[in-house]
Amino acid sequence: MFTIVKKVNLSHDVHWLEVDAPYIARKARPGQFVILRVGGMGERIPLTIADNDPDAGTITLVFQEVGKSTMIMGGLKQGDNLDDVVGPLGLPSHIEKLGLVVCVGGGIGIAPIHPVARGYKEAGNNVISILGARSKELLIMEDEMVKASTEVKVCTDDGSYGQKGFVTNVLEDLIKEGSPIALVVAIGPVPMMQAVSKLTKPYGIKTVVSLNPIMVDGTGMCGACRVTVGGEVKFACVDGPDFNGHEVDFGELRLRQRMYLSEERDAIETLTYMSE
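Residues numbered from 1 in each chain as written. Predicted model: local features only at pLDDT ≥ 70, side-chain atom pairs only at ≥ 80, totals over all residues. Heavy atoms only, no water.

(A) Here's a closer look at the overall build of the protein chain. Within the protein chain one finds nine helices and 17 strands. Scaling as 2.2 N^0.38, a compact globule of 276 residues should have a C-alpha radius of gyration of about 19 Å, and the protein chain matches this with 18 Å. Projected onto its principal axes, the C-alpha positions of the protein chain cover 55 × 40 × 35 Å. Within the protein chain, the proportion of its 276 residues that are buried is 47%. Summing over all exposed atoms, the protein chain offers an accessible surface of approximately 13,200 Å²; the carbon and sulfur share of this is 51%. Taken together, the 27 basic and 35 acidic charged side chains of the protein chain have centroids lying 3 Å from each other. (Helix = DSSP H or I, 4+ residues; strand = E, 2+ residues; numbered from the N terminus. Rg over C-alpha atoms; globule rule 2.2 N^0.38 Å. Buried < 20%, exposed > 50% of the residue type's maximum accessible area, 1.4 Å probe, protein only. Areas by Shrake-Rupley, 256 points an atom, 1.4 Å probe, with all protein chains shown as cover. Lys, Arg positive; Asp, Glu negative; His and termini not counted. Charge placed at Lys NZ, Arg CZ, Asp CG, Glu CD.)

(B) Spatial organisation of helix 8 (residues 250-257). Residues Phe250, Leu253 and Arg256 constitute the buried set of helix 8. Along the axis of helix 8, the buried residues cluster in a sector spanning 120 degrees; they form a single face. Along its buried surface, helix 8 packs onto helix 6 (190-200), strand 14 (207-210) and strand 15 (226-229). Backbone nitrogen of glycine 251 and a side-chain oxygen of the N-cap are separated by 3.3 Å at the start of helix 8; the cap is aspartate 249. (Arc of directions from axis to C-beta. Contact = heavy atoms within 4.5 Å. Polar contact = N/O pair within 3.5 Å; in protein donor to acceptor, adjacent residues only side chain to side chain.)

(C) Up close: the environment of glycine 240. Relative to the helices and strands, glycine 240 resides in the loop between helix 7 (236-239) and strand 17 (242-244). Judged by relative accessible area, which is 1%, glycine 240 ranks as buried. With 111 residues separating them in the primary sequence, glycine 240 and serine 129 have C-alpha atoms 22 Å apart. Not counting residues up to four positions away in its chain, the partners in contact with glycine 240 are Gly90, Leu91 and Phe235.

(D) Examining the nonpolar core more closely. Ranked by internal contacts, the top residues of the largest apolar core, which has 35 residues, are Val102, Val104, Leu171 and Ile181. For isoleucine 181, the residues in contact, after removing those within four places along its chain, are Leu100, Val102, Leu171, Leu174, Ile175 and Ile205. One finds Ala111, Ala133, Leu139 and Val185 within the second-largest nonpolar core, a separate group that totals 25 residues. (Core = buried A, V, L, I, M, F, W, Y, C linked by side-chain atoms within 4.5 Å.)

(E) Representation of the environment of glycine 31. Relative to the assigned elements, glycine 31 resides in the loop between helix 1 (22-27) and strand 3 (33-37). Sequence-distant contacts of glycine 31, that is, excluding residues within four places in its chain, are made with Thr48, Leu91, Ser93, Val116 and Pro241.

(F) Layout of the sheet that holds strand 17. On the basis of which strands lie adjacent, the open sheet formed by seven strands has the order 12-11-10-9-13-14-17 and mixed pairing. Only two strands of the sheet have a single neighbouring strand rather than two, namely strand 12 (163-164) and strand 17. Relative to strand 9 (residues 100-106), helix 3 (residues 110-122) is tilted by about 165 degrees, and along the sheet it contacts strand 9, strand 10 (126-133) and strand 13 (181-187). (Pairing = 2+ DSSP bridges. Axes fitted to C-alpha atoms, helices over the stretch in contact; angles between N-to-C directions.)

(G) Just the sheet that holds strand 3, in detail. The sheet built from three strands is open, its strands ordered 4-3-8 with antiparallel pairing. Of all the strands in the sheet, the pair left with one neighbour each is strand 4 (44-48) and strand 8 (84-89). For this sheet, the mean angle separating the axes of adjacent strands, direction not counted, is 20 degrees. With five bridges joining them, strand 3 and strand 4 adopt antiparallel strand pairing. By the bridge assignment, leucine 36 is partnered in strand 4 with isoleucine 45.

Function cannot be inferred from these measures alone, as they are strictly geometric.
Right, dumping it as structure tokens:
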């Protein structure tokens with residue numbers, strides 16, 4: 001059992017869990033993830049490790065309630081247990097000293113971009129982080145990102161906080177100002193990562209995205225997380241989750257992410273009915 005030692009509700013459906021997992025906390029590196037399970041017959045859920053504390057033996061997981069399993073997780077309290085937490089999985093992000101690195105986090109993607117930004121800053125880079133949310137109330141982990149970055153720029157769709165607009169607007173401003181960007185790392189909704197990659201490609205700016213497709217075992221055996229990158233089939237769990245954003249087939253990825261929408265809706269309806 002993996003005990004939840006702290007829970008914070010970041011918004012009405014986004015939650016922060018600190019979980020007792022000493023081995024994972026010691027081994028985790030930026031960009032890696034875990035696969036967890038709630039309940040004996042629960043779905044296996046991949047979540048990127050948002051933070052880890054080797055001394056305390058804890059890992060931080062941030063998630064949004066989007067389906068039955070994450071809705072059940074959202075109802076857990078401090079002191080409750082997760083049945084399984086397997087990890088760290090995936091290849092760590094390749095972090096080196098490059099110069100100016102721009103880390104773009106959209107929505108819940110701010111959580112997984114956090115350890116990556118911190119890693120690049122600790123490696124001696126100038127890290128500008130661009131954080132995007134639909135509104136001020138939905139912006140998460142701003143304080144943590146300020147500590148992990150050299151500079152933070154915030155934008156919201158509705159203009160309720162920071163610059164009004166999208167992360168691509170802020171990134172385009174940096175590019176047009178002539179900022180010597182060595183690397184862009186983008187994590188968030190698939191349309192956002194696609195838009196960032198499309199923006200940077202004509203400028204020849206290396207762009208890395210972190211993909212989180214449907215996963216089952218996390219070891220490359222099931223093939224559920226396959227994606228096409230550079231015309232080749234890759235498995236996000238063992239070949240990623242980081243990939244060259246200019247080579248990802250985002251159209252195929254978006255279709256695969258929608259494969260089980262009807263089943264997801266049925267599961268939510270069943271859960272809602274049972275809770276009434």
